[in-house]
Amino acid sequence: IFAGTRAQWDLYLFAHPDDDVFARPLLFRDPDTRKAVVFLTNGSGPGLAPSSLRQAEARRALAKLKSAQVFWLGIELDINAETLATRFDEVDARLRALTAELDGEVKRVVTHAWEGGHPDHDAAHLLGLVLAEHLQVADASVALPFYRAARSGVWPFVVMRLLPRAGCVPETTHLSLGEALSL
């Protein structure tokens, strides 16, 4: 980095450890941009895979990213899965402090799209919106659809498709073979 320039960060907000799987093509692009990856819950909860397994999967995948710094906010604040919305103010304050501590400036926030389904995904979306506005990067920020319940059809879920009339302009990204295999 040239003297006098500040590092540029993409800030990724994920509800749970392992949610990074949906954003890996973005995470592995643009190697000159640093990535701050924040997991907002510890991933623990009744009926879920053990949080230690979910965290290990995320650690293995993100170890390949040389320019990433991972923050386990959900572990730090002891936030279980499906409770993120109940801790909104506390998490928002911690996210603002975390971004102030980064060596450089956040150029965009990448998080879940609002899908009206999983409460933690929707809470992460709202936290991302609030933080992007605070950082004045809302226009450059990205909301990624993960999954939501299907209204009809054979499959119980719709994966990686925005809700109709979600107020977003869909953007299609074509993956290289290596990016597709990284998923």
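In this numbering scheme, every chain counts its residues from 1 along its sequence in written order. Note on the predicted model: pLDDT of at least 70 is required for a residue's local features to be given, and 80 or more for side-chain atom pairs to be given and counted; whole-chain, interface and lining totals, by contrast, use all residues. Only hydrogens and water are set aside; all other atoms, that is, all heavy atoms of the structure, feed into the side-chain values.

> So what's going on with the packing of aromatic side chains? Which residues, and what values?
Aromatic pairing here means that ring centres of Phe, Tyr or Trp (its six-membered ring) are within 6.5 Å. Orientation follows from the plane angle: under 30 degrees is stacked, over 60 is edge-to-face, and everything else is tilted. Within this structure, the stated rule accounts for 3 aromatic pairs. Among the aromatic residues, those joined into a cluster by ring pairs are Tyr12, Phe14, Phe39 and Trp72. Over the ring of tryptophan 72 we find arginine 59, and its NZ or CZ is 4.3 Å from the ring centre. In this scheme, Lys NZ or Arg CZ marks a charge over a ring once it lies within 6 Å of the ring centre and within 35 degrees of the ring normal.

> Go over the side chain of threonine 111 with me, naming the residues and quoting the values.
A helix here means a DSSP run of H or I that spans at least four residues, while a strand means a run of E at least two residues long, and both kinds are numbered starting from the N terminus. Among the secondary structure elements, threonine 111 is positioned in strand E4 (residues 105-112). Burial classes follow relative accessibility: with a 1.4 Å probe on protein chains only, a residue under 20% of its type's maximum area counts as buried, one over 50% as exposed, and anything between as partly exposed. Relative accessible area serves as the criterion here: at 4%, threonine 111 is assigned to the buried category. A polar side-chain atom of threonine 111 sits 2.8 Å from the main-chain carbonyl oxygen of leucine 13. We call two residues in contact when some of their heavy atoms are within 4.5 Å. Every residue in contact with threonine 111, bar those within four places of it in the chain, is listed here: Leu13, Ala124, His125, Gly128, Val142, Ala143 and Leu144. We define a polar contact as two N or O atoms separated by no more than 3.5 Å, with the added condition that, inside protein, one atom must be a possible hydrogen donor and the other a possible acceptor, whereas residues neighbouring each other in sequence contribute only through side-chain atom pairs.

> Tell me what's going on with the sheet that holds strand E2 (residues 34-39), and back it up with residues and numbers.
An order of E3-E2-E1-E4-E5 is seen for the 5 strands of this open sheet, with the pairing classed as parallel. The strands lining the two open edges of the sheet, one partner per strand, are strand E3 (68-71) and strand E5 (142-144). Taken over all neighbouring pairs, the strand axes of this sheet differ in orientation by 20° on average, direction set aside. DSSP bridges decide pairing: two strands pair if at least two such bridges lie between them. Relative to E5, E4 is paired through 3 bridges, and the arrangement is parallel. Across the sheet, valine 110 pairs through a bridge with valine 142, a residue of E5. Each axis is a line fitted through C-alpha atoms, and for a helix only the stretch in contact is used; angles between axes span 0 to 180 degrees, taken between their N-to-C directions. Along the sheet, helix H4 (residues 88-101) contacts strand E1 (8-14), E2, E3 and E4; its crossing angle with E1, the most-contacted strand, is approximately 155°. Docked against the sheet, helix H5 (residues 119-135) engages E1, E4 and E5, running at close to 160° with respect to E4.

> So what's going on with the environment of serine 141? Residues and values would help.
Residue position: serine 141 is located in the loop between H5 and E5. A relative accessible area of 23% places serine 141 in the partly exposed class. In sequence terms serine 141 and tyrosine 12 are 129 residues apart; their C-alpha atoms lie 9.9 Å from each other. Those residues in contact with serine 141, other than ones at most four positions away along the chain, are Arg108, Val109 and Ala132. In this structure the side chain of serine 141 is engaged in a polar contact, spanning 3.0 Å, whose partner is the backbone nitrogen of valine 109. A polar contact is formed between the side chain of serine 141 and the backbone oxygen of valine 137, at a distance of 2.8 Å.

> A description of the pattern of salt bridges should follow, citing residues and the corresponding values.
Close approach of charged atoms allows side chains of opposite charge to pair. A pair is scored as a salt bridge if a Lys or Arg side-chain nitrogen falls within 4 Å of a carboxyl oxygen belonging to Asp or Glu. A full pass over the atoms with the stated rule returns 7 salt bridges. Among the salt bridges present, the one from arginine 24 reaches aspartate 20, with a minimum N-O distance of 3.1 Å. The burial state of arginine 24 is the same as that of aspartate 20; both residues are buried.

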